[in-house]
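Each chain is listed here by its residues.
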Amino acid sequence: MLAILVEDRPGVLTRVSGLFSRRGYNIQNIAVGRTMEPGISRMTVTVEADPLTVEQIVKQLNKLVNVLKVSDMTDEPSVGRELMLVKVKAEPGRRSEIQQMAATFRAKIIDLSPDSMIIEVTGDEQKLHAFLMMMQEFGIKEIASTGKISLLRGSKITRDMKA
Amino acid sequence: MRLTGAQMVLACLEAEGVDVIFGFPGGAVLTLYDEIFKKGIRHILTRHEQGAAHAADGYARASGKPGVVIATSGPGATNLVTGIATAYMDSIPLVAITGQVATSFIGTDAFQEADITGITMPITKHNYLIKDINELPYVLKEAFYVASTGRKGPVLIDLPKDLQAQEGDFAYPAQVEMSTYRPTYEGHTGQIARAANAIKKAQRPLLYAGGGVISSGAHEELLELSRKVSIPVTTTLTGMGGVPCDYDYFLGMPGMHGTYAANNAINESDLLIAVGARFDDRVTGKLETFAPQAQIIHIDIDPAEIGKNVVTHIPIVGDVKLVLKELLKRLQPADGDIHNTREWCQKVLEWKASNPLRYRQEPGSCLKPQYVIEELYRLTGGEAIVTTDVGQHQMWAAQYYRVKRPRALISSGGLGTMGFGFPAAIGAQMAFPEKQVVCIAGDGSFQMNSQELATAVCYNIPVKVAIINNQYLGMVRQWQKFFYGGRYAHSSLAGSPDFVSLAEAYGASGFRVTRPEEVAAAIEAALNTPGPVVIDFQVDPEENVLPMVAPNTSIVEMIGGEE
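Here the structure is a predicted model, which is why all the values come from computation and not from measurement.

Student: Would you mind going over helix α21 (residues 474-483) of chain B with me for this structure?
Tutor: What sets the pattern is the α-helix's 3.6 residues per turn: residues three or four places apart point alike. Residues and elements named next belong to chain B. Buried within α21 are the following residues: G474, M475, R477, Q478 and Q480. Buried positions along α21 lie against α17 (392-400) and β20 (548-549). Where α21 terminates, the next one or two residues include G485, which has phi positive at roughly 60°.

Here it is in structure tokens:
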């Protein structure tokens, strides 16, 4: 997993994702969002690759002129979360059952209609997978999810990691 | 100061000391060209934008200064693509300025609109689409800075038509402020010390030098290192001239068409010192069998090159000139004798002496391409700037035109672009009007940009073009002969034009040579003829480039390597 700090300029996402595709690296998951610094965005990219390839990816990313800092968080203690919205069928007779399950997963119901609900759930990949498995019996209509984002545990910040 | 976008571009070119630009006008750069007209900056109008890009590249390779090329939007810009990619693969500083449709039209599929920043993203070091006139002064400064620092490379600025006419405040920035781009120049002292120790301990050291030596101007340091501690040197195609080819310890080129001595030295070396080289597949052959006994020191300005293709034992990121200077301080002449490197040197020099590059030119028989190049070398005193296209003639040029100094052999190494040589020669001649510039071309490659004869004639650019005419796409034919059962699928160029008449039609001079005894007189005549000259050397169509290492095999498995 890589945390990439980039200048927030048009085309930066294309530069980063284009680099992955043209050098044959596979992005499993990507999330982009703002940081505390104006003009700097943070990309969190999960790639499936051996350590030598990851090292090469980091070096190639560092060569992009708009890239400020690339941190390989793979071997660092960190917390990672993904947010998922799940629209599930909810006939009036089954709502309380769904509510109970959502509570178990510390998920929130954020929309309700006569025959459906939208549930907001956050967590790591395993938790979200488990939650989806549970929701399947009610009938999942649609899901939307963010990519995974993460921070280092403790007071250290990614910007201070050595390159 | 209030200036229009077009005026800002010209002010920038002046501030950067640009003395010549190459280009081709069109709708989206009319305003810019109007300013070029008014300012009177030297501009070479080529006959195709690709020619302009290669000419700017040739100028940069010959002079070391960034080349500048201008084209219009859409097809003008896309015609630059091959030229930009060529420069990118060989890390050549280039600034390309393209016109773009007016900002209000961007994204509407307007006439002659193409997303050239999108198209060139993977083949530029960086690129910019200007959408606000206030960004332009800084971007111009940054573009030249990025192109010509660190690992050099092409940079493109896409400038919409309306902004060329729009006024803005202009002050050319004195320096750039980039938090995201900071090349490393000084090598890590600890690593340099480790490298020095490894050199002291090595019994069979070898220097493997690439284009980075030329780019950083490290040729003197390279030669000094080789001399000081007695280390033989092999240089890649783009590293040619890194040491003089007549230097005793120079082994020639390594790799696919490398020499017996260079490839065997790599194979037996116990310490390979890679200097500004990138372990390209044409050099290494099968990676698993490359330099199997060697520890590897890799000096390069681009950290991403280190460990990319081979495992490096002592990586040193930095400018090779600065790193070599530091390394030299830590080595004494006696260090070369500690472990009998003299014995190794002797062995290597024996390989060199007993297995030289060779061919046979029978008097009165079919003309051999190698002989043509040897005669070119002899009659230019080895002092010409030689550009090449790509293919067999390129390899023969690298093998037999034994350049003595850096920036004297100009060739598309990484991308292998046919059609590069002639426009690059025009660019090189613009950088050095007084020097002899010779383009060694193939009959196939020359036809990819022969329209630039008009450019050479119009500006009286006295480039001499030696076409090694074997009536084939010779390297394709050679591979078909060796690896495809001799089936010459569409590699015959029979039916090509009469190159002498072609030259004359453009107003250039032409000579034809079919027999070995005519070669010297024709070259002398060409060199003494003012203006551009084409010599059509009709050579043995079936001659092969040897030695040859089949792709993905060990570089010591050479076809035609040993006597």
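Student: Help me understand the packing of helix α1 (residues 5-15) of chain B against helix α7 (residues 136-148) of chain B in this model?
Tutor: The packing of two helices is summarised by the inter-axis angle and the distance between the axes. Residues and elements named next belong to chain B. Two elements in contact, α1 and α7, have axes separated by 10 Å at closest approach and are oriented at 35°. The two elements α1 and α7 cross, and the hand of that crossing is right-handed. Contacts from G5, M8, V9, C12 and L13 in α1 reach L136, P137, L140 and F144 in α7. In terms of residue class, the contact of α1 with α7 is built from eight nonpolar, one polar and no charged.

Student: I would appreciate a short explanation of the interface of chain B and chain A in the present structure.
Tutor: The accessible area lost on association of the parts is a frequent measure of interface size. On the chain A side, the residues contacting the 17 residues of chain B number 15 residues. Summed over both partners, the interface of chain B with chain A comes to about 1,400 Å²; 54% of that surface belongs to carbon and sulfur atoms. Contact with chain A buries surface across chain B, with M121, H126 and T180 of chain B losing the most and accounting together for 42% of the total. If you look at where chain B meets chain A, you find one salt bridge. The salt bridge partner of D302 of chain B is K63 of chain A, with a shortest N-O separation of 2.6 Å. Scanning the region where chain B abuts chain A turns up six residue pairs in polar contact (both at pLDDT 80 or more). Residue composition of the side of chain B that touches chain A, by class: nine nonpolar, four polar and four charged.

Student: Looking at this model, I keep getting lost on the pairing of strand β2 (residues 27-34) of chain A. Mind explaining?
Tutor: On any regular strand, side chains alternate: one points to one face of the sheet, the next to the other face. Residues and elements named next belong to chain A. Two elements, β2 and strand β3 (residues 40-47), share seven bridges in a ladder whose sense is antiparallel. Counterpart to R34 in the pairing with β3 is S41. Between β2 and the antiparallel strand that follows it, β3, lie five residues; G39 among them carries a positive phi value of about 85°.

Student: Got a minute to help me understand the pattern of salt bridges in this structure?
Tutor: Applying the stated rule across the entire model yields 36 salt bridges over all chains. Residues K141 of chain B and E16 of chain B are paired through a salt bridge, measuring 3.8 Å at the closest nitrogen-oxygen approach. Taken together, the positions of K141 of chain B in helix α7 and E16 of chain B in the loop between α1 and β2 (21-23) put the pair 125 residues apart, joining distant regions of the chain. Note that R405 of chain B is salt-bridged to E383 of chain B, the shortest N-O span being 3.8 Å. A residue pair is termed long-range when its members are at least 10 positions apart, and R405 of chain B in the loop between α17 and β15 (409-410) and E383 of chain B in the loop between α16 (369-379) and β14 (385-388) qualify at 22 residues. Here the salt bridges do not stand alone but share partners, grouping K63 of chain A together with R151, D302, E305 and K308 of chain B into one network.

Student: Would you explain the environment of G285 of chain B in this entry?
Tutor: Residue and element names in this part refer to chain B. The topology assignment puts G285 in the loop between α13 (281-284) and β12 (295-300). It is 41 Å that separates the C-alpha atoms of G285 and V176, two residues lying 109 residues apart in sequence. Once residues lying within four places of it in the same chain are set aside, the contact partners of G285 are T553 and I555.

Student: Please explain the sheet that holds strand β5 (residues 94-100) of chain B as it appears in this structure.
Tutor: Two strands in a sheet stick together by hydrogen bonds in their backbones, pointing the same way (parallel) or opposite ways (antiparallel). All names here are of chain B. Spatial ordering of the open sheet is given by β3-β2-β4-β5-β7-β6, a layout of six strands whose pairing is parallel. Bordering the open sheet on either side are β3 (43-45) and β6 (126-129), each of which pairs with just one other strand. The sheet shows a mean angle of 20° between the axes of neighbouring strands, direction not considered. With four bridges connecting them, β6 and strand β7 (residues 154-160) associate as parallel partners. Across the sheet, H126 pairs through a bridge with V155, a residue of β7.

Student: Looking at this model, I keep getting lost on the domain arrangement of chain B. Mind explaining?
Tutor: All names here are of chain B. Domain annotation of chain B identifies domain 1 (2-169), domain 2 (189-354) and domain 3 (369-549). Relative placement of domain 1 and domain 3: their C-alpha centres are 30 Å apart. Listed by partner, the interface residues are 26 residues for domain 1 and 25 residues for domain 3. Of the roughly 2,000 Å² buried at the junction of domain 1 and domain 3 (both faces included), carbon and sulfur atoms supply 66%. Three residues, R47, R61 and A62, lead the burial of domain 1 against domain 3; their summed loss comes to 28% of the area buried on that side. Seen at the junction of domain 1 and domain 3, the total is zero salt bridges. Of all the secondary structure elements, the ones that give two or more residues to the side of domain 1 that touches domain 3 are β3, α3 (49-63) and α5 (81-89).

Student: When you look at the packing of α3 of chain B against helix α18 (residues 421-431) of chain B in this model, what are you seeing that I'm missing?
Tutor: All names here are of chain B. The geometry of α3 relative to α18 is characterised by a closest axis approach of 6 Å and an angle of 45° between their N-to-C directions. Classified by the angle their axes make, α3 and α18 are oblique. Classified by chirality, the crossing of α18 by α3 is right-handed. Facing G51, H54, A55, G58, Y59, A62 and S63 of α3, the residues of α18 in contact are P423, A424, G427, A428, M430 and A431. Grouping the amino acids of the contact of α3 with α18 by side-chain chemistry returns eight nonpolar, five polar and no charged.

Student: I keep staring at unusual backbone geometry and nothing clicks. Help me out?
Tutor: Across the chain, the bulk of peptide bonds are trans and the bulk of non-glycine residues have phi less than zero. Residue and element names in this part refer to chain B. L546 connects to P547 through a cis peptide bond whose omega is -5°. Position of P547 relative to the elements: it lies in the loop between β19 (533-538) and β20. Look at N460: it is not a glycine, yet its phi comes out positive at around 50°. In this structure, N460 sits in the loop between α20 (453-458) and β17 (464-469). With a phi angle near 60°, N552 is a residue other than glycine that sits in the positive phi range.

Rules of the game
- Residues numbered from 1 in each chain as written.
- Chains lettered and ligands numbered in written order.
- Predicted model: local features only at pLDDT ≥ 70, side-chain atom pairs only at ≥ 80, totals over all residues.
- Heavy atoms only, no water.
- Buried < 20%, exposed > 50% of the residue type's maximum accessible area, 1.4 Å probe, protein only.
- Helix = DSSP H or I, 4+ residues; strand = E, 2+ residues; numbered from the N terminus.
- Contact = heavy atoms within 4.5 Å.
- Axes fitted to C-alpha atoms, helices over the stretch in contact; angles between N-to-C directions.
- Left-handed = near helix turned anticlockwise from the far one by under 90°.
- Nonpolar A, V, L, I, M, F, W, Y, C, P; charged D, E, K, R; others polar.
- Buried area = accessible area lost by both parts, 1.4 Å probe.
- Salt bridge = Lys/Arg side-chain N within 4 Å of Asp/Glu carboxyl O.
- Polar contact = N/O pair within 3.5 Å; in protein donor to acceptor, adjacent residues only side chain to side chain.
- Pairing = 2+ DSSP bridges.
- Domains from an automatic or database assignment.
- Parallel < 35°, antiparallel > 145°, perpendicular 65-115°, else oblique.

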